[in-house]
Amino acid sequence: QVQLVESGGGLVQAGGSLRLSCVASGRIFSVNAMGWYRQAPGKQRELVAHITSGHSTNYADSVKGRFTISRDSAQNTVYLQMNSLKPEDTAKYYCNADIVRAGSGTGIVYNYWGQGTQVTVSS
C-alpha cells in the first residue's frame with residue numbers, strides 16, 4: 001500500500017508564508033513526478049506546481065514568483081514554500097505523485113493523491 005500524507009496547512013494573514021510538506025510512504029520502488037494541486041469551494045481542482053524526478057519545475061501563472069516547489073528524493077518528500085500569500089490562495093491543497101510500486105515487477109506507474117491540507121489566508 002502507498003499513501004501520501006500532507007502537512008503544514010493553516011491560517012495565515014495576507015502577505016504571510018506557509019510551507020507545505022508531503023511524504024510518500026509504503027511499498028515504493030520509485031517516485032516520478034510530484035505536484036501540488038488546490039481546490040477552492042465551488043471551483044475545480046487546479047495545478048499549482050509540478051516537479052519531475054529530474055527537478056524540472058512548472059507553476060501556475062497565479063503563483064509564479066511567490067511559490068516554490070522542491071523535493072527530497074531520498075525521503076520521497078515534496079515541499080511547497082508559499083510566500084506573499086493572498087486571500088485568493090485559500091483552498092485545500094493536495095499532493096499528487098506518480099509512483100512505481102515495489103514488488104510489482106511491472107514498472108507500471110500509478111497516480112496517487114493525498115488527503116489534502118487546508119490553507120486559509122485572511123485579508
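Throughout what follows, the structure given in this document is the object of discussion. Just so you know, these numbers come straight off a predicted model, no measurement behind them.

### What to know about the state of the cysteines
A disulfide bridge is the covalent bond that connects two cysteines by way of their sulfur atoms.
In step 1: Within this structure, the stated rule accounts for one disulfide.
In step 2: Between the sulfur atoms of Cys22 and its disulfide partner Cys95 the distance amounts to 2.1 Å. Its torsion about the S-S bond being -80°, the disulfide of Cys22 and Cys95 is classed as left-handed. Of this pair, Cys22 sits in strand S3 (residues 18-26) while Cys95 sits in strand S9 (residues 91-101), and the two are 73 residues apart along the sequence.
In step 3: A relative accessible area of 0% places Cys22 in the buried class.

### Some details on the sheet that holds strand S7 (residues 67-72)
In step 1: Here we have four strands laid out as an open sheet, ordered S1-S3-S8-S7, and antiparallel in their pairing. Because the sheet does not close on itself, it has two edges, and the strands there are strand S1 (2-7) and S7. Sheet twist, expressed as the mean angle between neighbouring strand axes with direction ignored, is 15°.

### Concerning the environment of Gly42
In step 1: If you trace the backbone, Gly42 turns up in the loop between strand S4 (28-39) and strand S5 (46-51).
In step 2: In sequence terms Gly42 and Ile99 are 57 residues apart; their C-alpha atoms lie 30 Å from each other.

### Let's talk about the nonpolar core
In step 1: Within the largest apolar cluster, 32 residues are counted, with the highest numbers of intra-cluster contacts made by Trp36, Leu80, Met82, Tyr93 and Ile99.
In step 2: Those elements giving two or more residues to this core turn out to be S1, S3, S4, S5, S7, strand S8 (77-82), S9 and strand S11 (117-122).
In step 3: No other element matches S9, which puts five residues into this core.
In step 4: In contact with Tyr93, other than residues within four places in its own chain, are Glu6, Leu20, Trp36, Tyr37, Arg38, Val48, Phe67, Leu80, Met82, Gly116, Thr117 and Val119.

### Digging into the pairing of S3
Consecutive residues of a regular strand have side chains that alternate between opposite faces of the sheet.
In step 1: Note: S1 against S3, six bridges, orientation antiparallel. Bridge pairing links Leu4 to Ala24 in S3.
In step 2: Where S3 lies against S8, six bridges are found, and the strand directions are antiparallel. By the bridge assignment, Val23 is partnered in S8 with Thr77.

Thresholds applied
Residues numbered from 1 in each chain as written. Predicted model: local features only at pLDDT ≥ 70, side-chain atom pairs only at ≥ 80, totals over all residues. Heavy atoms only, no water. Disulfide = S-S within 2.5 Å. Helix = DSSP H or I, 4+ residues; strand = E, 2+ residues; numbered from the N terminus. Buried < 20%, exposed > 50% of the residue type's maximum accessible area, 1.4 Å probe, protein only. Pairing = 2+ DSSP bridges. Axes fitted to C-alpha atoms, helices over the stretch in contact; angles between N-to-C directions. Core = buried A, V, L, I, M, F, W, Y, C linked by side-chain atoms within 4.5 Å. Contact = heavy atoms within 4.5 Å.

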